[in-house]
Amino acid sequence: MVRAMLPLFTQFGHAPDGLFLLFLALGLDAVLGEMSWLFRLIPHPVVLIGRAIAALDRRLNKPERSEAERKVRGIVMVLVLVGLSALIGAVISFVARVLPHAWVIEVFVVTTLLAQRGLFEHVDDVARALQHKGLEAGRYAVSRIVGRDPQSLDEHGVCRAAIESLAENFSDAVVAPVFWYVLFGLPGILVYKTVNTLDSMVGYRNEKYRAFGWASARLDDVLNLIPARLAGLIIALAALVAARGNPFRAITTMIRDARHHKSPNSGWPEASMAGALGLALGGPRKYPGLVVDEKWIGKGRARATFADIDRALHLFSAACLMDAGLVILVWWLQV
């Protein structure tokens, strides 16, 4: 197999096919994870994007301006950052394809924009904290990956929150970046991560960001429209090999209950996960200063345990493998 792949690296002395670079990046992310040791020395690409957003937020989102003015400035910010990220991606991709061995730069950048292992580890931390250290440790661990008030959660609520975050972020941090790279290469994945970061920083429906973050939130919804549904289907497919997974129930729950989520997209992977595992996710949630009375997703058990988190992680791992397999399939079909 290694011999068969060698021509991909040596042909013309330049980069292998883009989809093979993506497959390499998925493999590196699965092995290396977040590489925190490296990003203590250099800034992470998403951190750089965040700094640019914060600087434009301070400059453009002045409270004394009218909502109409702030909405226009929010649109301008999105256009500027999306254009800049597409340009940077195009330049790196061009360099990777004209200079010998420079393709490793593109693989590295793509690796940093994926989060398979990092997501697995953060959710696994919640299960291990609950299992070995108790509820308070579990609340602290889950507070690192969800925005709701952890003190309002009992053990079952902590477990549901971890599983919901795993499902939602499988779409946002794995499937969607892969999807946009497959379509548009490095510019596509950089644009997606920029928009996703914009939404996470300014896409709130409060007084400060309702107008300024409108364009960011709407564009994020659009870019996740197909990936979220694809993520739900991949989770259902992965249920074929997951421990006590039920692919039929995953599909039916997704079709029936995805609309119960306040997000037009997050409900799809969450409903698929709930159905596959026989759980009820969602329900009423408490955020700092806000209580959201949401419907339940799924008709299974609401009393989730850390063992259910382990089952969800097994399902997530299988789904990540299938996602990588789809990349190879698309690559094989086009060669």
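Owing to the predicted nature of the structure, the values given are computational and were not obtained by experimental measurement.

Caption draft 1: Molecular detail of unusual backbone geometry. In the Ramachandran plot, Met-35 falls in the positive-phi region, its phi being about 50 degrees despite a non-glycine side chain. You can see Met-35 is positioned in the loop between helix H2 (18-32) and helix H3 (36-39). Backbone geometry places His-101, a non-glycine residue, at a positive phi of 70 degrees. Within the fold, His-101 resides in the loop between helix H5 (67-98) and helix H6 (103-112).

Caption draft 2: Examining the packing of aromatic side chains more closely. Evaluated as defined, the whole model comprises seven aromatic pairs. Each ring, one from Phe-20 and one from Trp-331, has its centre 5.2 Å from the other, and the planes form 40 degrees; the classification is tilted. With a gap of 311 residues between them, Phe-20 in helix H2 and Trp-331 in helix H14 (residues 306-334) connect regions that are remote in the sequence. For the pair Phe-20 and Trp-331, a shared accessibility class is recorded, and that class is buried. Grouped by ring-pair contacts, the aromatic residues Phe-20, Phe-23 and Trp-331 constitute a single cluster. Here Lys-71 stacks its cationic end above the ring of Trp-214, 4.2 Å away from the centre of that ring.

Caption draft 3: Fine view of the layout of surface pockets. Computed from the structure, the second largest pocket encloses a volume of approximately 330 Å³. Surrounding the second largest pocket, 16 residues form its lining, Pro-45, Leu-48, Ile-49, Ile-88 and Leu-190 being those nearest its centre. Of all the secondary-structure elements, those providing two or more residues to the lining of the second largest pocket are helix H4 (45-60), H5, H6 and helix H9 (155-202). The leading source of residues in the lining of the second largest pocket is H5, at five residues.

Caption draft 4: Region of interest: the pattern of salt bridges. Enumeration according to the criterion identifies 13 salt bridges in this entry. A salt bridge links Glu-136 to Arg-139; the nearest nitrogen and oxygen atoms lie 2.6 Å apart. Here Glu-136 pairs with Arg-139, and both are found in helix H8 (residues 135-143), just three residues apart, close to one helical turn. Beyond isolated ion pairs, a larger network of salt bridges with shared partners links Asp-124, Arg-128 and Asp-310.

Caption draft 5: Quick look at the environment of Val-175. Residue position: Val-175 is located in helix H9. Separated by 51 residues in the primary sequence, Val-175 and Ile-226 place their C-alpha atoms 9.8 Å from one another. In contact with Val-175, other than residues within four places in its own chain, are Phe-170, Pro-227, Leu-230, Ala-231, Ile-234 and Asp-323.

Caption draft 6: A look at the nonpolar core. In terms of nonpolar packing, the biggest core is built from 48 residues, with Val-126, Val-142, Phe-170, Met-273, Ile-309 and Leu-315 touching the most fellow members. When contributions to this core are tallied by element, the ones reaching two or more residues are helix H7 (116-133), H8, H9, helix H11 (225-238), helix H12 (247-257), helix H13 (267-277) and H14. In terms of residue count, H9 provides more of this core than any other element does, ten residues in total. Discounting chain neighbours no more than four positions away, the residues touching Leu-315 are Ile-235, Ala-238, Ala-239, Ala-242, Met-273, Ala-276 and Leu-277. Among the nonpolar cores identified, the runner-up in size contains 20 residues, and Leu-21, Trp-103, Val-110 and Ala-324 belong to it.

Caption draft 7: Highlighting a nonpolar patch on the surface. On the surface, Leu-326, Leu-329, Trp-332, Leu-333 and Val-335 cluster together to form a nonpolar patch covering roughly 560 Å² of accessible area. One can find Leu-326 in helix H14. Under the relative-accessibility criterion, Leu-326 is labelled partly exposed at 36%.

How each quantity is defined
- Residues numbered from 1 in each chain as written.
- Predicted model: local features only at pLDDT ≥ 70, side-chain atom pairs only at ≥ 80, totals over all residues.
- Heavy atoms only, no water.
- Helix = DSSP H or I, 4+ residues; strand = E, 2+ residues; numbered from the N terminus.
- Phe/Tyr/Trp six-rings, centres within 6.5 Å; stacked < 30°, edge-to-face > 60°.
- Buried < 20%, exposed > 50% of the residue type's maximum accessible area, 1.4 Å probe, protein only.
- Lys NZ or Arg CZ within 6 Å of the ring centre and 35° of its normal.
- 1 Å grid on protein atoms, 1.4 Å probe; cavity = no way out; pocket = protein on both sides within 12 Å on 5 of 7 lines; lining within 4 Å.
- Points joined across faces, edges and corners; volume = space filled by probe spheres on them.
- Salt bridge = Lys/Arg side-chain N within 4 Å of Asp/Glu carboxyl O.
- Contact = heavy atoms within 4.5 Å.
- Core = buried A, V, L, I, M, F, W, Y, C linked by side-chain atoms within 4.5 Å.
- Patch = residues over 30% accessible without salt bridge, like charges linked within 9 Å, V, L, I, M, F, W, Y side chains within 5 Å.
- Areas by Shrake-Rupley, 256 points an atom, 1.4 Å probe, with all protein chains shown as cover.

These figures come from the coordinates and say nothing about function on their own.
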